[in-house]
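What follows is each chain in one-letter form.
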Amino acid sequence: MAKRSALPAGADTGTASRTLIERAYAQLRDDIMSSQLPPDAKLRVEHLKARYGVGAGTLREAITRLVSDALVIAEGQRGFRVAPIAAADMMDLTRLRVHIEIDALRQSMRSGGSAWREQLHAAYAELSQLEQPLRPDRAKSWEERNTAFHEALLAGHESPWTLRLLGTLTRQSERYRRFAINLPASHRDVHAEHREIYESAIAGNELRAALALEAHIRLTAELVTRALQATPVDASSVV
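Described in the following lines is the structure provided in the data block. (Residues numbered from 1 in each chain as written. Predicted model: local features only at pLDDT ≥ 70, side-chain atom pairs only at ≥ 80, totals over all residues. Heavy atoms only, no water.)

**Digging into helix 5 (residues 114-128)**
Inference 1: Compared with the 21 Å implied by 1.5 Å per residue over 15 residues, the 21 Å span of helix 5 between its first and last C-alpha is a close match.
Inference 2: Among the residues of helix 5, those classed as buried are Trp 116, Leu 120, Ala 123, Tyr 124, Leu 127 and Ser 128. Projected down its long axis, helix 5 carries its buried residues within an arc of 130 degrees, all on one side. Those residues of helix 5 that are exposed and aimed more than 90 degrees away from the buried face are Ser 114, Ala 115 and Glu 118.
Inference 3: Considering only its buried residues, helix 5 is in contact with helix 4 (87-111), helix 6 (139-153) and helix 8 (190-203). (Helix = DSSP H or I, 4+ residues; strand = E, 2+ residues; numbered from the N terminus. Expected span 1.5 Å × (residues − 1). Buried < 20%, exposed > 50% of the residue type's maximum accessible area, 1.4 Å probe, protein only. Arc of directions from axis to C-beta. Contact = heavy atoms within 4.5 Å.)

**Here's the deal with the sheet that holds strand 1 (residues 42-43)**
Inference 1: Read from one edge to the other, the open sheet built from three strands follows the order 1-3-2, with strand pairing classed as antiparallel. Every other strand in the sheet has two partners, leaving strand 1 and strand 2 (72-74) as the edge strands with one partner each.
Inference 2: The pairing of strand 2 with strand 3 (residues 80-82) spans three bridges and is antiparallel. The residue of strand 3 that forms the bridge with Ile 73 is Arg 81. (Pairing = 2+ DSSP bridges.)

**Describing the pattern of salt bridges**
Inference 1: Scanning all chains against the criterion turns up 13 salt bridges.
Inference 2: Residues Arg 65 and Glu 22 are paired through a salt bridge, measuring 2.8 Å at the closest nitrogen-oxygen approach. Taken as a pair, Arg 65 in helix 3 (residues 56-68) and Glu 22 in helix 1 (residues 13-33) lie far apart in primary sequence, 43 residues in all.
Inference 3: Classification of Arg 65 as partly exposed rests on a relative accessible area of 31%.
Inference 4: Given a relative accessible area of 43%, Glu 22 falls into the partly exposed group.
Inference 5: The salt bridge partner of Lys 49 is Glu 46, with a shortest N-O separation of 3.2 Å. In this pair, Lys 49 and Glu 46 both sit in helix 2 (residues 45-52), three residues apart, roughly one turn of the helix.
Inference 6: Of the residues examined, Lys 49 reaches a relative accessible area of 27% and is grouped as partly exposed.
Inference 7: Salt bridges here are not isolated pairs; linked through shared partners, they connect Lys 42, Glu 75 and Arg 81. (Salt bridge = Lys/Arg side-chain N within 4 Å of Asp/Glu carboxyl O.)

**Quick look at the packing of aromatic side chains**
Inference 1: For the structure on display, the rule yields two aromatic pairs.
Inference 2: Taking 6.1 Å as the distance between ring centres and 50 degrees as the angle between the ring planes, the aromatic pair formed by Tyr 124 and Phe 149 counts as tilted. Residue Tyr 124 is located in helix 5, and its partner Phe 149 is located in helix 6; the two are separated by 25 residues in the primary sequence.
Inference 3: Owing to a relative accessible area of 11%, Tyr 124 belongs among the buried residues under this scheme. (Phe/Tyr/Trp six-rings, centres within 6.5 Å; stacked < 30°, edge-to-face > 60°.)

**Re the nonpolar core**
Inference 1: Residues Leu 105, Leu 120, Phe 149 and Leu 153 are the most contacted members of the largest nonpolar core, which totals 37 residues.
Inference 2: Elements that contribute at least two residues to this core include exactly helix 4, helix 5, helix 6, helix 7 (160-181), helix 8 and helix 9 (206-230).
Inference 3: A per-element tally of this core places helix 4 first, with nine residues.
Inference 4: Setting aside residues no more than four positions away along its own chain, Leu 120 makes contact with Phe 149, Ala 152, Leu 153, Tyr 198, Ala 201 and Ile 202.
Inference 5: Val 54, Ala 62, Val 72 and Phe 80 belong to the second largest nonpolar core, which has 21 residues in total. (Core = buried A, V, L, I, M, F, W, Y, C linked by side-chain atoms within 4.5 Å.)

Given below as C-alpha cells:
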C-alpha cells in the first residue's frame, strides 16, 4: 500500500512531528472504525510503518493515543492489538448512554431556547440528506452528521462534564454503529427513528422524545448483539 503521510515541506521539526502523529492517529482510528484493521488484529509496528508512511516512533505515539481511547489494547512486551468487539461491551456502553443521555435530553429541552431549536433543525436537515436511504458507502459521512445531530439534541444542556462524558461514550459506540450499518436485513428505518426524536424534541414533548431516544439507542445494541452471537468476529488477523 502506498504511503499515506508525508512531512510538510518547510515545517518546523517539532510541529511537523506532531502533525505526523495526528495524521497517523486519524488514519489508524478511521481504519479501526471501518474494520480495515479488524477487531483483535495484532498491530505490528514494523509492518504498519510502510502502510502509513511514518517512522516507528511516530506510529507508537499514535497507537498510544488509541490505547487511551480504548480502541487499542497494549499487551505489555507483546505489542498492541485492536480492541475486540463484544456484545457485553456494547451493552455496557448502551446502559451508560441511556442513563446519561436521556437525562441530558430532558435538561436540554427545558433549558434550550430558539437558538437550540435552530441548531437542532439544521443538524436534522443535514442528517436527513444522508439516510434516505442509509448506505454503507456513506457510513463515514453519516457518522459525522449523526454525531452532530445527537450533540445538537443535547446542546441546550448546561453541564460541561455531562457533555464530555457523552462525547466519550459516543466515540466508543461509533465502531458498533458502523458495524450495524452493514448488517443485512435488519429492517430498520433509522431516518424514521431520528424523525420521531426530532419532532418530539421540537414540539417540547419531553416524555415522547426521551422514549424515542432510548428506543433508538437500544435498538442498535440489540442488532449488534444478535449479529455477534450469530457470527463471532474473527480474532486471528495480524497486520
